[in-house]
Amino acid sequence: MKEAILHIDLDSILYNYRHLKCYYNKKVIAVLKDNAYGLGLLEVYKTIKDESDLIIALSSLKEIELLRNNMCQNDIIYLNVFDESDIKEIKDNNIIVIVENLKQLELVKKHQLRFHLKFASKMNRLGLNYQDALVAILKINRNINSYKLEGVMTHFANEDKDHSDYYLFESYVKKINKKNLIIHCFASSSLNEYFDNISTHIRVGIKLYGIGERNAFLHNVVTLTTPILSIKEVKKGQEVGYDLTYKCKENGYLYILPIGYGQGLVRYKDSVCFIDGLFLKQAGKISMDYATYFSTTLINTDKKVELFGKKIPIECLCKINDISPHEMIVSLKVKKEYQKLTLK
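Criteria and thresholds
Per chain, the residues get numbers from 1 upward, laid out in the order the sequence is written. Local features in a predicted model are, by the rule used here, given only for residues with pLDDT of at least 70; side-chain atom pairs are given and counted only at 80 or more, and totals for whole chains, interfaces and linings are based on all residues. Just so you know, side-chain values use all the structure's heavy atoms and leave hydrogens and water out. Exposure is judged per residue with a 1.4 Å probe applied to protein chains only, and the accessible area is read against the type maximum: over 50% gives exposed, under 20% gives buried, and values in between give partly exposed. A run of H or I in DSSP becomes a helix once it reaches four residues, and a run of E becomes a strand once it reaches two; helices and strands are each numbered from the N terminus. The directions considered for the arc run from the helix axis to the C-beta atoms. Note on definitions: a residue-residue contact is assigned when non-hydrogen atoms from the two residues lie within 4.5 Å. Polar contact is the term for a pair of N or O atoms within 3.5 Å; when the atoms are in protein, one must be able to donate a hydrogen and the other to accept it, and sequence-neighboring residues count only if both atoms are side-chain atoms. A pair of strands is considered paired only if DSSP assigns at least 2 bridges between the two. We call a crossover right-handed when, viewed with both strands directed away from the observer, the connection leading from the first strand over the helix to the second proceeds clockwise. Whether two aromatic rings pair depends on their centres lying within 6.5 Å, for rings of Phe, Tyr and Trp, where Trp uses its six-membered ring; planes under 30 degrees apart make the pair stacked, over 60 edge-to-face, and the rest tilted. All axes here are fitted lines through C-alpha atoms, helices being fitted over the stretch that makes contact, and every angle between N-to-C directions spans 0 to 180 degrees. Throughout this description, any angle smaller than 35 degrees is read as roughly parallel, any larger than 145 degrees as roughly antiparallel, any in the 65 to 115 degree range as roughly perpendicular, and the remainder as oblique. By convention the crossing between two helices is left-handed if the near helix lies anticlockwise of the far one by an angle smaller than a right angle, and right-handed if it lies clockwise. Following the grouping adopted for this structure description, the nonpolar residues are Ala, Val, Leu, Ile, Met, Phe, Trp, Tyr, Cys and Pro, the charged ones are Asp, Glu, Lys and Arg, and the polar ones are all others, Gly among them.

### Topic: helix H6 (residues 102-111)
Logical step 1: Among all positions in H6, only Gln104, Leu105, Leu107, Val108 and His111 are buried. End-on, the buried residues of H6 take up no more than an arc of 160°, which puts them together on one face. Set apart from the buried face of H6 by more than 90 degrees, the exposed residues are Lys103 and Lys110.
Logical step 2: In this structure, the buried residues of H6 make contact with helix H5 (87-92), strand E5 (95-99), strand E6 (114-118) and helix H7 (130-142).
Logical step 3: With a side-chain oxygen positioned 3.1 Å from the backbone nitrogen of lysine 103, the residue opening H6 is asparagine 101.
Logical step 4: Positioned one or two residues after H6, glutamine 112 has a phi angle of 55°, which is positive.

What follows is the structure in structure tokens.
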């Protein structure tokens, strides 16, 4: 059976983890949520599990239980919103929860749960707003030993170029009368090594996989390849695909690949693939099971086609098609092959 394969380089994951920790001079909270962004939770965890000071962040209690059942002794932060019905599972698995409202603050005190306090940012998604943040800080300061507060956090909406969110977060942190807190506000999309005097950790998700800001320091982790399913000769002027949106500008060949949106391939408006030293242009719409590319050159059918990887950076495809790299890799439902770990 001819099928697409997602190749995952475990050495590059370990390299990226170590590089990010060294480059930003911070300890790392590795975000492995949603099956490690679709790359395989257990495989990615086992790659970095022996790194010093490692903290894991997940958004699913089932995934946390999976790690605990596989001998994970690292601290795990539960990124999702918890309620009273989750308390037993949280305690059984020694989970650090996120407190983002005043009701949760009462629950962590009542049940003596380890927690990080989350303050809202301009994103206006989760976290204590200004008034509730001041109330929470006052309650904690008045009875500091009654709370198992271990950290404080926020999540910026973007790079926070004017630092206004950072300054607000810093003001909250300085009001808390407890030392040695884990302090984290920067994630992959907002990392800033030049402007940060307060955080102790960085949260790294997509950059752990070498995605987001392609540079010489982060290694490529994921490569999507596929065999050629069929080759069809076409003439100049012939139309291709659903709704006949593509017309051949010259004589050549259509390369039909066995992957489409049914396997999680993003329905690109425009893309290329790489094969045998050539870049082939997308021909027509990507369908449920097939993607088609055009070339004037006849290529050996035994060659593998790269849809993204070292030759075609994910970031380029995302920019051209106005999509997120998170969406691109999490959505894929194809066979995975892991390059064995050689680094120690």
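Back to the text.
### A word on the side chain of asparagine 220
Logical step 1: Of note, asparagine 220 is situated in the loop between strand E9 (201-204) and strand E10 (222-227).
Logical step 2: A polar contact is formed between the side chain of asparagine 220 and the side chain of threonine 223, at a distance of 3.3 Å.

### Thoughts on the pairing of strand E4 (residues 75-78)
Logical step 1: The pairing of strand E3 (residues 55-58) with E4 spans four bridges and is classified as parallel. Bridge pairing in E4 links leucine 58 to tyrosine 78.
Logical step 2: Handedness of the β-α-β unit built from E3, helix H4 (residues 61-69) and E4 comes out right-handed.
Logical step 3: Sheet topology places E4 next to E5; three bridges connect them, and they run parallel. Among the inter-strand pairings, tyrosine 78 is bridged to a residue of E5, identified as valine 97.
Logical step 4: Viewed along the sheet, the connection from E4 through H5 into E5 turns out right-handed.

### Let's talk about the packing of aromatic side chains
Aromatic ring pairs are reported here in terms of the distance separating the ring centres and the angle at which the planes meet.
Logical step 1: Within this structure, the stated rule accounts for ten aromatic pairs.
Logical step 2: Measuring from centroid to centroid gives 6.4 Å for phenylalanine 115 and tyrosine 147, while their planes differ by 70°, and the two rings are edge-to-face. Of this pair, phenylalanine 115 sits in strand E6 while tyrosine 147 sits in the loop between H7 and strand E7 (148-153), placing them 32 residues apart in sequence.
Logical step 3: Residue classification places phenylalanine 115 among the buried residues on the basis of a relative accessible area of 0%.
Logical step 4: Consider the rings of tyrosine 130 and tyrosine 172, whose centres lie 6.3 Å apart with planes at 40°: the pair is tilted. One end of the pair, tyrosine 130, is in helix H7; the other, tyrosine 172, is in helix H8 (residues 164-175), and 42 residues separate them in sequence.

### Observations concerning the packing of helix H3 (residues 41-48) against H4
Logical step 1: Between H3 and H4, the shortest axis-to-axis distance is 11 Å and the interhelical angle comes to 50°. Comparing the axis directions of H3 and H4 gives the class oblique. Crossing handedness for the pair H3 and H4: right-handed. From H3, Leu41, Leu42 and Tyr45 reach across to H4, where they touch Glu63, Leu66 and Leu67.
Logical step 2: Considering only residue class, the contact of H3 with H4 consists of five nonpolar, no polar and one charged.

### Quick look at the environment of valine 152
Logical step 1: Along the chain, valine 152 falls in strand E7.
Logical step 2: When the C-alpha atoms of valine 152 and lysine 118 are compared, they prove to be 5.8 Å apart, with 34 residues separating the residues in sequence.
Logical step 3: Not counting residues up to four positions away in its chain, the partners in contact with valine 152 are His116, Leu117, Phe119, Phe169, Val173, Ile176, Leu181, Ile182, Ile183 and His184.

### Here's the deal with the packing of H7 against H8
Logical step 1: Where H7 contacts H8, the axes come no closer than 10 Å and their chain directions differ by 20°. Regarding the angle of H7 to H8, the classification is roughly parallel. Of the two possible hands of crossing, H7 and H8 adopt the one that is right-handed. Residues Tyr130, Ala133, Leu134, Ile137 and Asn141 of H7 lie in contact with H8, whose contacting residues are Leu168, Tyr172 and Lys175.
Logical step 2: Classifying every residue of the contact of H7 with H8 gives six nonpolar, one polar and one charged.

### Some thoughts on unusual backbone geometry
Logical step 1: Here the phi dihedral of asparagine 25 falls at roughly 55°; this positive angle occurs in a residue that is not glycine.
Logical step 2: Its place among the elements puts asparagine 25 in the loop between helix H1 (10-24) and strand E2 (27-31).
Logical step 3: In this model, asparagine 94 sits at a positive phi of 50°, which is unusual for a non-glycine residue.
Logical step 4: Its location among the elements puts asparagine 94 in the loop between H5 and E5.
Logical step 5: With a relative accessible area of 39%, asparagine 94 lands in the partly exposed category.

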